[in-house]
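Observations on chain architecture
Residues per chain are reported as follows:
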Amino acid sequence: MLRDMFKKTYTKIDTRYRAPEAERTEKQEEEPGIPAGMWRKCNKCGKPIYVEDVRENFYVCPKCGGYFRVHAWRRLQMVTDPGTFEEWDREMEVSNPLNFPGYEKKLEAAREKSRLNEAIVTGCGKIGGNPAVIGVSEIENRSILEDIASTRKLLPARYAICHYDSPDLRGVDVAFLYRPDVFKLEGSADIPVRIASLPNWRTRGIVTMWGTIDGEPFLFMVAHWPSRLGGQAASAFKRNAAADQMRAIADSVLKVNPATKIVAMGDFNDDPTDESVEVHLGAKAKIKELQPGDFYTPFADMLKAGLGTLAYRDAWNLFDNIVVSENLATGSAGKLKLVKDPYKKTKFYGNIFKPSYLIQQEGQYKGYPLRTFVGNNFQGGFSDHLPVFIYIAK
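As a starting point, this report considers the structure included with it. (Residues numbered from 1 in each chain as written. Predicted model: local features only at pLDDT ≥ 70, side-chain atom pairs only at ≥ 80, totals over all residues. Heavy atoms only, no water.)

Turning our eyes to something else, we now look at the packing of aromatic side chains. Both the distance between ring centres and the angle between the ring planes are used here to describe each pair of aromatic rings. Under the defined criterion, the tally for this structure stands at 10 aromatic pairs. Ring centres 6.3 Å apart and planes at 70 degrees place the aromatic pair Phe176 and Phe220 in the edge-to-face group. Taken together, the residues Phe176 in strand 7 (residues 173–178) and Phe220 in strand 10 (residues 216–224) connect sequence positions 44 residues apart. By the burial criterion, Phe176 is buried, and Phe220 matches it. Residues Trp225 and Phe268 carry aromatic rings whose centres are separated by 4.0 Å and whose planes lie at 10 degrees to one another, so their mutual orientation is stacked. (Phe/Tyr/Trp six-rings, centres within 6.5 Å; stacked < 30°, edge-to-face > 60°. Helix = DSSP H or I, 4+ residues; strand = E, 2+ residues; numbered from the N terminus. Buried < 20%, exposed > 50% of the residue type's maximum accessible area, 1.4 Å probe, protein only.)

Put into structure tokens, the structure is as follows:
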């Protein structure tokens, strides 16, 4: 058309020099190249890291400590003993019972991106040869435990339950889930916490269970010590009483059989450096200072390093604790003992489970544990506390 006759036109001219194909090929053969996949860039510090260094450091940047993203199966290879992991329900069909719009397309895209059939990989494996005993605090009732243990992906583990109804006015209990094929239960009891000056006062008891693992005698205790209601100082005597009771149980068992290995755990509502844990429970922070009959807390040094399991006013506390008896902390050749994470380089014997889905990702409480409720507002999270765990192996 006439209107296009005077329209400005542009021609893009690429002024970059390009050698002839033959010359480029010859030059590439002469110049040494860097093989693809030899280096990875750290997303935290931005520095290039040799891939082998990344693998040998268990996908933690050796220069800044930043974490590389690890595929689920790679993580399982790092954590479980070789050849022991057996995936459950790999072909389980995924449904959309709430009829979310576009769910199927999102699911298909997520599967293509992750190369996984399901968002969670579940199964049975061994870590250091010994599956876990799990202690739970602030559980409402046995039915909750039964629901958890009977979910389709946990049912093959055949978890058994050790639970007692507590006299707590809110109905809050403590309990154990355990693998009966590993921990051979011989007995259990719920030991009440009493304070002479408060004869009508009631709180959660100390649930105990005893038996053997690989023929070695074990006593497990789980408790949810009294809260800080009324202030930390004003309520401290209640937690001290719970610690005294737990210590008395341990002493009575060790008096009968000094070879018994003891693991005491729970939400203590105090830090491992507080009087209740240090003095009344008698848990020491250094293995080299332990004497026969002592307790060791691997989480004291973690708290001093700024780590924690719950946050309040932008400060971390570590109320969730696991303490072990001296004979389990020091151990001997060929016997079960407390060990550091065998798959990561860490100076701590304690571990805090802190995946991103347990953490608030935005808003006022970004970085805090992702709670189910904040006041009356439903957040859809899990807990205001993070789980803790230890490794026991030969």
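So, next bit.
The next thing to look at is the nonpolar core. In this structure, Phe176, Phe220 and Val263 are the most contacted members of the largest nonpolar core, which totals 36 residues. Within the residue set of this core, elements represented by two or more residues are strand 6 (160–163), strand 7, strand 9 (206–213), strand 10, strand 11 (261–267), helix 8 (300–304), strand 16 (320–325) and helix 9 (326–330). Grouped together as the second largest cluster of nonpolar side chains are 23 residues, Met221, Leu281, Ala283 and Phe295 included. (Core = buried A, V, L, I, M, F, W, Y, C linked by side-chain atoms within 4.5 Å.)

Here we take up the sheet that holds strand 11. Spatially, 8-9-10-11-16-13-12 is the arrangement adopted by the 7 strands of the open sheet, whose pairing is mixed. Edge positions in the sheet fall to strand 8 (183–191) and strand 12 (283–284), since each of these pairs with one other strand and no more. Pairing of strand 11 with strand 16 involves 5 bridges; the strand directions are antiparallel. Looking across to strand 16, one finds that Gly266 is bridged to Asn321. Across the sheet, helix 6 (residues 232–256) touches strand 8, strand 9, strand 10, strand 11 and strand 13 (295–296), and the angle it forms with strand 10 is around 170 degrees. (Pairing = 2+ DSSP bridges. Contact = heavy atoms within 4.5 Å. Axes fitted to C-alpha atoms, helices over the stretch in contact; angles between N-to-C directions.)

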